[in-house]
Amino acid sequence: MLNARGIITSAHGRHYLVRLENGNSITAFPKGKRSDFVCGDICHLEVLHEEGWITSVEDRSSLLWRSDQYKQKMIAANVTVAMIVSATDLPLNLPLINRCVLACEHQNIRPILILNKIDLGGAFQENPLEVFSKLGYLSLSISAKNNIDNLRKLIRGERVVLVGNSGVGKSTIINNLIPDAKSKTREISRVLNAGKHTTTHATLYEVNEETSLIDCPGIQAFGLHHIRTEELTSLFKEFSPYLGNCQFSDCSHISEPGCKVHEATSKGLVSSFRWEQYKQLRREVSDTTLWK
Ligand SMILES: Nc1nc2c(ncn2[C@@H]2O[C@H](COP(=O)(O)OP(=O)(O)OP(=O)(O)O)[C@@H](O)[C@H]2O)c(=O)[nH]1
Ligand SMILES: [Mg+2]
Ligand SMILES: [Zn+2]
């Protein structure tokens, strides 16, 4: 029995794939009952005959996760950047993108917004992600099938997770950045006649020692039930100049008189989209949850 340290590169139920520090990848299982490990976790294991038993996981520097009223779903651990991907040939889901951005803010993960498949045209009068770029979030239009050297520079030294709807091109982006990754894309799954989601579980691919990318299955919903009501306002960074100045010190910034956030929205200083999203989320997160 050997003691080793490694990074979880994929997780299916209680089966994990772990890349050890010596470069070998092995299958591992949780040693105890605990199995709440996720792609990107740094773990310690006992290794015997090419199999491992995970004994512990190091503290996470970040955890991207989502949650509804009933359950939590971890997406990736220890990431520094999240690429939130949309595509010109699919409906743009601004509320979903917004929720991803807030989940990133909650964990100090830097969000980068990507609009993929610009080669397909998509006659946009203006940048459809403008509401986010105006807030200072980096937003880029790309074609994953063509040159994406601008992304290559951005990911250097980062651990990046790619999230977004199914079919937006997350795996295609990864294959372009890491040709060895050979992550399955829709062309392949069509041949295999697989279901709607091509990527079925998160997988971490290494560009080099300090740079890696995590491919994820497509998401349709991004619940934020794990965020506490008091935390929510701080995740809307453009609210900060107005907080603390409302007429009521316990203002919830929904409908109280003398609310400075509301006033800023009326003046166009805060976008009405973001304020509406705030109100919607405020209602959602204050619902009692079963697992909190
Ligand atoms: N024209 C064009 N097609 C693209 C581009 N990027 C991806 N595609 C195509 O879009 C389809 C979906 O791409 P995937 O990479 O499988 O999408 P995904 O986001 O990984 O999807 P899931 O794994 O289901 O979440 C494939 O047929 C890709 O070839 C692009 O820049 N331009
Ligand atoms: Mg995929
Ligand atoms: Zn207020």
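All of these numbers come straight from a predicted model, not from anything done at the bench.

What counts and how
- Residues numbered from 1 in each chain as written.
- Chains lettered and ligands numbered in written order.
- Predicted model: local features only at pLDDT ≥ 70, side-chain atom pairs only at ≥ 80, totals over all residues.
- Heavy atoms only, no water.
- Donors = N, O, S within 2.8 Å, 3.2 Å for Na, K, Ca; no water.
- Helix = DSSP H or I, 4+ residues; strand = E, 2+ residues; numbered from the N terminus.
- Buried < 20%, exposed > 50% of the residue type's maximum accessible area, 1.4 Å probe, protein only.
- Domains from an automatic or database assignment.
- 1 Å grid on protein atoms, 1.4 Å probe; cavity = no way out; pocket = protein on both sides within 12 Å on 5 of 7 lines; lining within 4 Å.
- Points joined across faces, edges and corners; volume = space filled by probe spheres on them.
- Nonpolar A, V, L, I, M, F, W, Y, C, P; charged D, E, K, R; others polar.
- pLDDT = per-residue confidence, 0-100.
- Phe/Tyr/Trp six-rings, centres within 6.5 Å; stacked < 30°, edge-to-face > 60°.
- Lys NZ or Arg CZ within 6 Å of the ring centre and 35° of its normal.
- Core = buried A, V, L, I, M, F, W, Y, C linked by side-chain atoms within 4.5 Å.
- Contact = heavy atoms within 4.5 Å.

1. So, the coordination of the magnesium ion (ligand 2)
Each pair of donors in an ideal octahedron of six around a metal sits at 90 or 180 degrees, and each pair in an ideal tetrahedron of four sits at 109.5 degrees. Protein coordination at the magnesium ion (ligand 2): the donors are Ser 171 (OG) and Thr 199 (OG1), at 2.0 to 2.1 Å from the metal. In this pair, Ser 171 is assigned in helix α4 (residues 170–177) and Thr 199 in the loop between α5 (186–191) and β12 (203–208), connecting sequence segments 28 residues apart. You can call Thr 199 buried: its relative accessible area is 13%.

2. What to know about the domain arrangement of the chain
For the chain, the domain assignment lists domain 1 (2–57), domain 2 (63–215) and domain 3 (229–285). A separation of 43 Å is found between the C-alpha centroids of domain 1 and domain 3.

3. Quick word on the layout of surface pockets
Of the voids in this model, the largest pocket is the one considered here, and its volume is about 450 Å³. In terms of lining, the largest pocket is formed by 26 residues, of which the most central are Lys 117, Gly 167, Gly 169, Thr 172 and Arg 186. Among the elements of the structure, α4 and α5 are those that each provide at least two residues to the lining of the largest pocket. Of the residues belonging to the lining of the largest pocket, the class tally is five nonpolar, eleven polar and ten charged. There is about 390 Å³ of room inside the second largest pocket. Along its surface, the second largest pocket is lined by 21 residues, and Ala 11, Val 38, Lys 73, Met 74 and Ile 75 are the ones closest to its centre. Only β1 (2–12) and β7 (72–77) provide two or more residues apiece to the lining of the second largest pocket.

4. Examining the confidence of the model for the chain
The predicted model of the chain averages 91 in pLDDT, with 93% of residues at 70 or higher. Across the chain, the secondary-structure element scoring lowest on mean pLDDT is α5, at 65, and the one scoring highest is strand β11 (residues 159–164), at 98.

5. Things to note about the packing of aromatic side chains
Across all of its chains, the model carries six aromatic pairs by this definition. The ring centre of Tyr 137 lies 4.1 Å from the NZ or CZ of Lys 237, which sits over that ring.

6. So, the nonpolar core
Membership of the largest hydrophobic core comes to 49 residues, with the highest contact counts inside it found for Leu 64, Val 161, Ile 214 and Phe 222. The element contributing the most residues to this core is helix α1 (residues 94–106), with seven residues. Among all residues touching Leu 64, those that are not within four sequence positions of it are Met 74, Ile 75, Ala 76, Ala 103, Cys 104, Ile 109, Val 161, Val 163 and Phe 222. Grouped together as the second largest cluster of nonpolar side chains are 22 residues, Val 81, Ile 155, Leu 162 and Ile 173 included.

7. Some points on empty space enclosed by the protein
Overall, the coordinates contain one cavity of 30 Å³ or more when judged by the stated rule. Quantified by volume, the largest cavity comes out at close to 110 Å³. Along its surface, the largest cavity is lined by 14 residues, and Val 85, Ser 86, Asn 93, Ile 97 and Asn 165 are the ones closest to its centre. With four residues, the single largest contributor to the lining of the largest cavity is strand β8 (residues 81–87). Taken together, the residues of the lining of the largest cavity sort by class into ten nonpolar, four polar and no charged.

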